[in-house]
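# Report on the structure
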Amino acid sequence: AAQAEAGYRGVIAMDPYLVPAYSALASVLSAHGKNADAERVLRDGLKRAPDSGELHSSMGLLLAEEKRDAEAVAAMERAAKLLPANARVFYNLGLIQQRRGDLRAASAALAKAHALGAFTLNSGATNPLAGVRGELLEIRADFAPAAATQIVFTVRGAKVVYDVAKQELVVNGH
């Protein structure tokens, strides 16, 4: 981590307008619990590149991690204006709005993310359905399992497994 931090700081010193270096450095710092330092790095990057959707998105994610949701929404909304075709930005904006209880805005942002197209939801990622409530819901998922042997969903405590080789769904082992 110290080596990565030093490396990104060196890159920024050589080219203070290289936006991805600020995001990468902030990510390294945040991953090691240095969120205040990560925020300073992002704010410094935003001084140099105030129209960087990438930096506003990174700031929004960092602020959301800190539970500073009002600030996080503002940063993500700015990122969405700067990156209007980025599904991930709208998805993250929707999740933050959902956590704040603004379900109408969350629904609109998540619908926009869906309309913009698919993105990869990695193992351990935030559950996109965490705040969804209702008695009868339909869940649609398109996936390409690549090398995976199974895809697993947990829906209301029920384990739903898609077996790739057999091309079948198994619910709670049945």
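This write-up is about the structure you can find in this document. (Residues numbered from 1 in each chain as written. Predicted model: local features only at pLDDT ≥ 70, side-chain atom pairs only at ≥ 80, totals over all residues. Heavy atoms only, no water.)

Across its full length, the chain carries 7 helices and 3 strands. Ordered by position from the N terminus, the helices and strands of the chain form the series α-α-α-α-α-α-α-β-β-β. Among the 174 residues that make up the chain, the fraction classed as buried is 33%. (Helix = DSSP H or I, 4+ residues; strand = E, 2+ residues; numbered from the N terminus. Buried < 20%, exposed > 50% of the residue type's maximum accessible area, 1.4 Å probe, protein only.)

This part is about the packing of helix 6 (residues 87-100) against helix 7 (residues 103-116). In contact at an axis separation of 8 Å, helix 6 and helix 7 are set at 160° when each is read in the N-to-C sense. Between helix 6 and helix 7, the interaxial angle falls into the category roughly antiparallel. Here helix 6 runs over helix 7; the crossing is left-handed. Judged by residue contacts, Ala-87, Phe-90, Tyr-91, Leu-93, Gly-94, Leu-95, Gln-97 and Gln-98 of helix 6 engage Leu-103, Ala-105, Ala-106, Ala-109, Leu-110, Lys-112, Ala-113 and Leu-116 from helix 7. Its residues assigned to classes, the contact of helix 6 with helix 7 comprises 12 nonpolar, 3 polar and 1 charged. (Axes fitted to C-alpha atoms, helices over the stretch in contact; angles between N-to-C directions. Parallel < 35°, antiparallel > 145°, perpendicular 65-115°, else oblique. Left-handed = near helix turned anticlockwise from the far one by under 90°. Contact = heavy atoms within 4.5 Å. Nonpolar A, V, L, I, M, F, W, Y, C, P; charged D, E, K, R; others polar.)

Time to look at the packing of aromatic side chains. Summed over all chains, the structure comprises 0 aromatic pairs. Above the plane of the ring of Phe-90 lies Lys-112, whose end atom (NZ or CZ) is 5.5 Å from the centre. (Phe/Tyr/Trp six-rings, centres within 6.5 Å; stacked < 30°, edge-to-face > 60°. Lys NZ or Arg CZ within 6 Å of the ring centre and 35° of its normal.)

What follows deals with the packing of helix 4 (residues 53-65) against helix 5 (residues 69-82). Taken N-terminus to C-terminus, the directions of helix 4 and helix 5 make an angle of 160°; their axes are 8 Å apart at the nearest point. One finds that helix 4 runs roughly antiparallel with respect to helix 5. As helix 4 packs across helix 5, the resulting crossing turns out to be left-handed. Note on element contacts: helix 5 touches helix 4 through Asp-69, Glu-71, Ala-72, Ala-75, Met-76, Arg-78, Ala-79 and Leu-82, opposite Gly-53, His-56, Ser-57, Met-59, Gly-60, Leu-61, Leu-63 and Ala-64. Its residues assigned to classes, the contact of helix 4 with helix 5 comprises 9 nonpolar, 4 polar and 3 charged.

Attention shifts here to the side chain of Glu-5. When you line up the elements, Glu-5 lands in helix 1 (residues 2-14). You can call Glu-5 buried: its relative accessible area is 18%. Polar side-chain contacts of Glu-5 include one of 3.4 Å to the side chain of Lys-34. When residues no more than four places from it in sequence are discounted, the contact partners of Glu-5 are Leu-25, Val-28, Leu-29 and Lys-34. (Polar contact = N/O pair within 3.5 Å; in protein donor to acceptor, adjacent residues only side chain to side chain.)

Moving on: the pairing of strand 2 (residues 158-163). Pairing between strand 1 (residues 150-155) and strand 2: 6 bridges, direction antiparallel. By the bridge assignment for strand 2, Ile-151 is matched with Tyr-162. Hairpin geometry of strand 1 and strand 2 is characterised by an intervening segment of 2 residues between the two adjacent antiparallel strands and by a positive phi of about 50° at Arg-156. Sheet topology places strand 2 next to strand 3 (residues 168-171); 4 bridges connect them, and they run antiparallel. What sits directly across from Val-160, in strand 3, is Val-171. Connecting the antiparallel pair strand 2 and strand 3 is a turn made up of 4 residues, with Gln-167 showing a positive phi of about 55°. (Pairing = 2+ DSSP bridges.)

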